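This is what each chain is made of:
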Amino acid sequence: MAAEKQVHPSSAMQPTPPASAESTVHHTPARRKRGRTPPRIGLNLTPLIDVVFQLMVYFVVTAGFWTDEGVLTTRMPQGGGRPPSALELPAQPLNLILEPQGPAGVRIAIGDFDEAATFDELARKLASLQQDPVIYKSDDPVYIRPQGQVRWQHVVNALNAAIRAGFTQVRFVQPSPQPPGQ
């Protein structure tokens with residue numbers, strides 16, 4: 001008996017391709033079959049914009065828009081430093097001595113004769129020196145002498161108090177050197 005080839009019923013309906021021809025399968029996506037256009041691939045910019053705004057806020061908050069410490073705008077004297085004439089009496093300078101007291105305090109001495117507890121009191125006492133009897137005139141020099149490690153804040157407050165009192169010749173003087181060990 002000759003062996004008969006059994007054929008599956010589903011393959012019996014389809015014709016078999018010729019052996020010499022190559023079969024090519026073309027895939028058609030389901031979206032194209034339904035008539036939809038494929039979505040466009042894009043970059044989501046929302047997180048990028050959020051990060052840029054956060055960086056901008058950080059730099060605005062941390063940026064320093066103030067004058068550096070130790071930079072004071074003052075009018076420096078002009079001229080060649082000539083000695084006063086014989087007819088003109090040299091003005092007696094008023095010394096404001098600032099000494100550190102504790103970690104943030106300051107002792108304010110007005111010359112050798114008075115002290116002030118606050119800078120408002122200093123301004124009042126300096127203004128009273130120009131009233132009757134006139135001890136100092138408004139154009140007499142005022143020397144601010146910071147001693148030791150006085151904070152710049154106190155030096156500037158003393159400058160403001162002298163200007164508020166009406167003095168026009170306010171100057172800063174370097175402290176005298178202290179001997180070692182003091």
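Each chain carries its own residue numbering, running from 1 in the written order of its sequence. Given that this is a predicted model, residues contribute local features only at a pLDDT of at least 70 and side-chain atom pairs are listed and counted only at 80 or more, while totals for whole chains, interfaces and linings are drawn from all residues. Side-chain numbers come from the whole structure's heavy atoms, not from hydrogens or water.

This part is about helix H4 (residues 119-128). Relative accessibility thresholds used throughout: buried, under 20% of the residue-type maximum; exposed, over 50%; partly exposed, between the two (1.4 Å probe, protein chains only). Here a helix means four or more residues in a row that DSSP labels H or I, a strand means two or more in a row labelled E, and each is numbered from the N terminus. If you check which residues of H4 are buried, you get Phe119, Leu122, Ala123 and Leu126. For H4, the angular spread of the buried residues around the axis is 100°, confining them to a single face. We call two residues contacting when some pair of their heavy atoms lies within 4.5 Å. For H4, the elements touching its buried residues are strand E1 (94-101), strand E2 (105-110), strand E3 (114-116) and helix H5 (152-164). A 3.5 Å cut-off defines polar contacts: any pair of N or O atoms within that distance qualifies, except that in protein one atom must be a possible hydrogen donor and the other a possible acceptor, and neighbouring residues in sequence count only when both atoms are side-chain atoms. Between a side-chain oxygen at the N-terminus of H4 and the backbone nitrogen of glutamate 121 the separation is 3.1 Å; the capping residue is threonine 118. Each C-beta atom gives one direction from the helix axis, and the arc is the one those directions make.

Moving on, we come to the environment of proline 141. Looking at where proline 141 falls in the secondary structure, it is placed in strand E4 (residues 141-146). Of the residues examined, proline 141 reaches a relative accessible area of 8% and is grouped as buried. As a C-alpha pair, proline 141 and threonine 168 span 27 residues in sequence and 7.6 Å in three-dimensional space.

This part takes up the packing of aromatic side chains. Planes of paired rings set the category: under 30 degrees apart is stacked, over 60 is edge-to-face and the rest tilted, where pairs are Phe, Tyr or Trp rings (Trp by its six-membered ring) whose centres lie within 6.5 Å. Taken as a whole and assessed by the stated rule, the structure comprises one aromatic pair. Measuring from ring centre to ring centre gives 5.2 Å for tyrosine 58 and phenylalanine 59, while their planes differ by 70°; the resulting arrangement is edge-to-face.

This part is about the sheet that holds E4. In a beta sheet, neighbouring strands are held together by backbone hydrogen bonds and run either parallel or antiparallel to one another. Any two strands with at least two DSSP bridges between them are considered paired. Strands sit in the order E3-E2-E1-E4-E5 across an open sheet of five strands; the sheet is mixed. The open sheet terminates on both sides in strands that have one partner only, identified here as E3 and strand E5 (169-172). Adjacent strand axes in the sheet meet at a mean angle of 25°, parallel and antiparallel pairs treated alike. Pairing between E4 and E5: four bridges, direction parallel. Within the sheet, the bridge partner assigned to valine 142 lies in E5 and is valine 170. Axis angles are defined between N-to-C directions and span 0 to 180 degrees, where every axis is a line fitted to C-alpha atoms and, for a helix, only to the segment in contact.

Just geometry here; none of it tells us what the structure is for.
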